[in-house]
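Here's the letter readout for the chains.
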Amino acid sequence: MNLTMRRVVWVAALVAAMPLSGWAGTYAGWRAVLGEAAGTAMAVFWDLQVESYVTALLLVGILELVYGLHRRGDGRWAVARRGGGAHILAYAGLLVLVAVCSAEGPVRDILQLALPHDIGASVAHYLRRSLEAVLTVGGLMLFLDLVRPGPFAHPTPPHT
Amino acid sequence: MNRWGKRVLFYGGTLAVVVLMCQDFVRRAHIAVLGDSAGGSLYSFVRTNVEAPISIIFIALYLDLVLGRRHASDVAAGDGPATDPAPAVEVDA
C-alpha cells in the first residue's frame, strides 16, 4: 500500500468514526455484542471521543503539511518546515475554526436553514465540543514555532 | 528491546492506561486516599481526560503507518512541503 492509500485509509477511518460513533445502529451493535450495560458503556465511550478524533486529524495534517515530518534514511525523524505563508494559513484556519466552534448557537441557526433541525443542532454541538482540540493543536503549533532547538542542540556530539 | 517490542509496550501501555482510567476500583482508590470530595473530584478530572491517551494512539498510528514511511524524497517530490523548505532538522535520536 502506498503512502497516499495509507493516508486515505487512516483519514477515512477517523472521519467515519465521528458520525458512526453516535449512530443508533452503532449503539445497538455494541449492545448486541456486549450486552445492555457493557455495550451501552462502550458505545457512549466512543461517542464521547470527539476531541480525540478532531485532535488527531488536525495535528497530523499540520505535522505533515506545515512541518513536513518525515523519516530520514537512517531511521531518525526529521522535519522540513514550509515557508511563512503556510504557517500563516494554518494559524488563520485554526482561528476560523475557533470562531466557528465557539459559536454553537449561530452555527446551529445557519445549519438548520439547510439541514433538518436535529442534524443541524447535532453538528453545531459537535463543533463546539471540538473547540478543545482546535485550541490544543494551535497551542502546540505556537510551541513548535516559538520554542525551537538552539543552533548547538543538534546533532548531539558523540561521547568520547 | 526491538522495535516491535517497543510498539507493544507503547500501544499496550497506553491502552492499559485507558482501561485503568475507566475502572471503578480506580475511582474508589481516589476516594479512599483523598476522601469523597477531593477524591471524587480528582477522579472525575482523570476520567474526563480519557481523550488524551486515545488521541495519542490515533496520532501514533498515523506516525507509525504513514509518516514513518515518508522519506525526504517523498517530501522533495511535492508530497508535503514544496515551497521554501528549510533544511531537514534532526528531531529525534
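Residues numbered from 1 in each chain as written. Chains lettered and ligands numbered in written order. Predicted model: local features only at pLDDT ≥ 70, side-chain atom pairs only at ≥ 80, totals over all residues.

### Things to note about the overall build of chain B
Counting its secondary structure elements, chain B contains 5 helices and 1 strand. Written out in order from the N terminus, the α and β elements of chain B read α-α-α-α-α-β. Looking at chain B as a whole, 14% of its 93 residues are labelled buried. (Helix = DSSP H or I, 4+ residues; strand = E, 2+ residues; numbered from the N terminus. Buried ≥ 20, exposed ≤ 12 C-beta atoms within 10 Å, placed from the backbone.)

### Examining the overall build of chain A
When helices and strands are counted, chain A shows 8 helices and 2 strands. Starting at the N terminus and ending at the C terminus, chain A contains elements arranged as α-α-α-α-β-β-α-α-α-α. Over its C-alpha trace chain A gives a radius of gyration of 20 Å, far above what one expects of a compact globule, namely 15 Å for 160 residues. For chain A, the spread of C-alpha atoms along the principal axes amounts to about 65 × 40 × 30 Å. Within chain A, the fraction of its 160 residues that count as buried is 23%. (Rg over C-alpha atoms; globule rule 2.2 N^0.38 Å.)

### Considerations on the confidence of the model for chain B
Residue and element names in this part refer to chain B. The share of residues in chain B with pLDDT of 70 or more is 83%, and the mean pLDDT across the chain is 84. In the model of chain B, strand 1 (residues 89–90) stands out as the element of lowest mean pLDDT, 54, in contrast to helix 2 (residues 24–34), which has the highest, 94. Scored below 50 in pLDDT, residues 80–86 makes 20 contacts in the model with residues more than four places away or belonging to other chains. For this predicted complex, the interface score ipTM comes out at 0.82, while the overall pTM is 0.82. (pLDDT = per-residue confidence, 0-100. Contact = placed C-beta atoms within 7 Å.)

### A few points about the nonpolar core
Counting residues in hydrophobic clusters, the biggest one holds 32 residues, and the most contacted among them are Leu-58 and Ile-62 of chain A. Looking at this core, the elements that each hand over two or more residues are helix 4 (50–65), strand 2 (77–79), helix 5 (84–102), helix 7 (117–129) and helix 8 (131–146) of chain A together with helix 4 (51–65) of chain B. A total of 9 residues in this core trace back to one element, the largest contributor, which is helix 4 of chain A. Excluding its chain neighbours within four sequence positions, the residues that come into contact with Ile-62 of chain A are Tyr-67, Ala-90, Val-137 and Met-141 of chain A. (Core = buried A, V, L, I, M, F, W, Y, C linked by C-beta atoms within 7 Å.)

### Remarks on the packing of helix 1 (residues 3–20) of chain A against helix 4 of chain B
Relative to each other, helix 1 of chain A and helix 4 of chain B sit at 165°, their axes nearing to 10 Å. With respect to each other, helix 1 of chain A and helix 4 of chain B are oriented roughly antiparallel. Once helix 1 of chain A is placed against helix 4 of chain B, the crossing between them reads as right-handed. Mapping the contact onto sequence places Arg-6, Trp-10 and Leu-14 of chain A in helix 1 of chain A and Phe-58, Leu-61, Tyr-62 and Leu-65 of chain B in helix 4 of chain B. Grouping the amino acids of the contact of helix 1 of chain A with helix 4 of chain B by side-chain chemistry returns 6 nonpolar, no polar and 1 charged. (Axes fitted to C-alpha atoms, helices over the stretch in contact; angles between N-to-C directions. Parallel < 35°, antiparallel > 145°, perpendicular 65-115°, else oblique. Left-handed = near helix turned anticlockwise from the far one by under 90°. Nonpolar A, V, L, I, M, F, W, Y, C, P; charged D, E, K, R; others polar.)

### Thoughts on helix 5 of chain A
All names here are of chain A. With 19 residues, helix 5 should cover 27 Å at 1.5 Å per step; its first-to-last C-alpha distance of 27 Å lies within 8% of that length. When we look at burial in helix 5, the residues that qualify are Ala-90, Leu-97 and Cys-101. Taken around the axis of helix 5, the buried residues stretch over an arc of 25°, which confines them to a single face. Exposed and facing more than 90 degrees away from the buried side of helix 5 are Gly-84, Gly-85, Ile-88, Ala-92, Leu-95, Val-96 and Ala-99. (Expected span 1.5 Å × (residues − 1). Arc of directions from axis to C-beta.)

### Some words on the packing of helix 4 of chain A against helix 4 of chain B
Angle between the axes and distance between the axes: these two values describe a pair of packed helices. The geometry of helix 4 of chain A relative to helix 4 of chain B is characterised by a closest axis approach of 8 Å and an angle of 35° between their N-to-C directions. Here helix 4 of chain A runs over helix 4 of chain B; the crossing is right-handed. Of the residues in helix 4 of chain B, those touching helix 4 of chain A at Glu-51, Ser-52, Thr-55, Ala-56, Leu-59 and Val-60 of chain A are Glu-51, Ile-54, Ser-55, Phe-58, Ile-59 and Tyr-62 of chain B. A breakdown of the residues in the contact of helix 4 of chain A with helix 4 of chain B according to their chemical character gives 7 nonpolar, 3 polar and 2 charged.

### Some points on the environment of Leu-94 of chain A
All names here are of chain A. Mapped onto the fold, Leu-94 is located in helix 5. The exposure class assigned to Leu-94 is partly exposed, which follows from the 19 C-beta atoms found within 10 Å. Taking the C-alpha atoms as reference, Leu-94 lies 9.2 Å from Leu-58; in sequence the two are 36 residues apart. Excluding its chain neighbours within four sequence positions, the residues that come into contact with Leu-94 are Val-134, Val-137 and Gly-138.

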